[in-house]
Amino acid sequence: MTEATAQEITITRTYDAPREAVWSAWTEPEQLVQWWGPPGWSTPLETVTMEVRPGGTFRLTSVSGDGTEMPVVGVYREVVEGERLVLDEPAEQAWHEGSVSVVTFTDLGGGRTEVAIQATIHTTDEMRQNAERGMNATLDRLGEHLGS
Amino acid sequence: MAVDQLSTTFAALADPTRRAILERLAEGEATVNELADPFPITLQAVSKHLKVLERAGLITRGRTAQLRPSRLEGDALREASDWLDGYRRFWEGSLDRLGEHLQRMQKGAGRD
């Protein structure tokens, strides 16, 4: 197996909603499909499987306006009621070797809640080399040509 | 971000000869013969590389002329260079929508 390296992304948002409400939005399929995916994407409820317990399945397929499908297949590694969700996405695509997303729910008081997502994406050594060497050099030069 | 398209693009970019072909095409469209010139490989091998690049959406090829000149398509390449950004955009877009959803819920407007 090729050596995998990790990339990390952290995103935080504060909501004017109590923590239980935010937790429900993440753990009830009927609510999750209302917001999952970037604008322009929708997630049909019938594609969703959510077994919100450690080892349970998390599976859904989002569809863009032009019909492109984006499936997500994962496992709940950790579930701490109202506080923390850890989602494991095993390697499915050639370009990543699996990812882990830790979602933390913090009660800020006054009916406000902070949601923090820390995603760690493992990439293959080959992928990293492409990104850091050949690809970057290529992209830089092409960027000049394309005026981007 | 179409993930399947992205994996195809990365697979296409993994090969140094194909990257060199793309760099050549950045200077302008070229025929198979012109593309093969700087490489110690056969025309057939270059054709194979072009097929991979075409499938990945990185180039398009002329339909009319027998020579079928190849041309670079910048969008697929830009998308590939932004792949980690794509991951971030996915979550940021989702979390914005979550905010709107929570607002609707708080207002008691139901689950629509």
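Above this text you will find the structure in question.
Residues numbered from 1 in each chain as written. Chains lettered and ligands numbered in written order. Predicted model: local features only at pLDDT ≥ 70, side-chain atom pairs only at ≥ 80, totals over all residues. Heavy atoms only, no water.

Looking only at helices and strands, chain B features six helices and two strands. In chain B, the order of α-helices and β-strands from amino to carboxyl end is α-α-α-α-β-β-α-α. Looking at the 112 residues of chain B, the share that counts as buried comes to 43%. (Helix = DSSP H or I, 4+ residues; strand = E, 2+ residues; numbered from the N terminus. Buried < 20%, exposed > 50% of the residue type's maximum accessible area, 1.4 Å probe, protein only.)

This part covers the environment of L43(B). Residue and element names in this part refer to chain B. Checked against the element boundaries, L43 lands in helix α4 (residues 43-55). Sequence separation between L43 and V32 is 11 residues; the distance between their C-alpha atoms is 6.8 Å. Once you skip the residues sitting within four places of it in the chain, L43 turns out to touch V32, N33 and A36. (Contact = heavy atoms within 4.5 Å.)

The next point concerns the pairing of strand β5 (residues 69-80) of chain A. Residue and element names in this part refer to chain A. In the sheet, strand β4 (residues 57-64) pairs with β5 via seven bridges, with the strands oriented antiparallel. Looking at the pairing, T57 lines up with V75 of β5. Between β4 and the antiparallel strand that follows it, β5, lie four residues; G67 among them carries a positive phi value of about 90 degrees. Of the strand pairs in this sheet, β5 and strand β6 (residues 84-89) are connected by five bridges, and their pairing is antiparallel. Counterpart to V75 in the pairing with β6 is D88. (Pairing = 2+ DSSP bridges.)

Counted by the stated rule, this structure contains 10 aromatic pairs over all chains. Aromatic pair W23(A) and F105(A): ring centres 5.2 Å apart, planes at 75 degrees, arrangement edge-to-face. One end of the pair, W23(A), is in helix α1 (residues 19-27); the other, F105(A), is in strand β7 (residues 99-109), and 82 residues separate them in sequence. The structure contains a cluster of three or more aromatic residues connected by ring pairs, namely W23(A), W26(A), W35(A), W36(A), F58(A), Y76(A), F105(A), F90(B) and W91(B). (Phe/Tyr/Trp six-rings, centres within 6.5 Å; stacked < 30°, edge-to-face > 60°.)

Residue and element names in this part refer to chain A. Applying the stated criterion across every chain yields a total of seven salt bridges over all chains. Here R77 ties to D88 by a salt bridge, and the two come within 3.2 Å at their closest N and O atoms. In this pair, R77 is assigned in strand β5 and D88 in strand β6, connecting sequence segments 11 residues apart. Classification of R77 as partly exposed rests on a relative accessible area of 49%. Among the salt bridges present, the one from E78 reaches R84, with a minimum N-O distance of 2.8 Å. Residue R84 is classed as partly exposed on the basis of its relative accessible area, which comes to 30%. (Salt bridge = Lys/Arg side-chain N within 4 Å of Asp/Glu carboxyl O.)

For soluble globular proteins, the rule of thumb is that nonpolar side chains tend to be buried together. Membership of the largest hydrophobic core comes to 34 residues, with the highest contact counts inside it found for W26(A), W36(A), F58(A) and V115(A). Secondary structure elements with two or more residues in this core: β1 (4-15), α1, β4, β5, β6, β7 and β8 (112-124) of chain A together with α6 (83-106) of chain B. Here the element with the most residues in this core is α6(B); it accounts for six residues. With sequence-adjacent residues up to four places away left out, F58(A) is seen in contact with L32(A), W36(A), T49(A), M50(A), V72(A), V73(A), G74(A), V75(A), Y76(A) and L87(A). The next biggest cluster of nonpolar side chains, apart from the first, holds 20 residues, and it includes V46(B), L53(B), I59(B) and L77(B). (Core = buried A, V, L, I, M, F, W, Y, C linked by side-chain atoms within 4.5 Å.)

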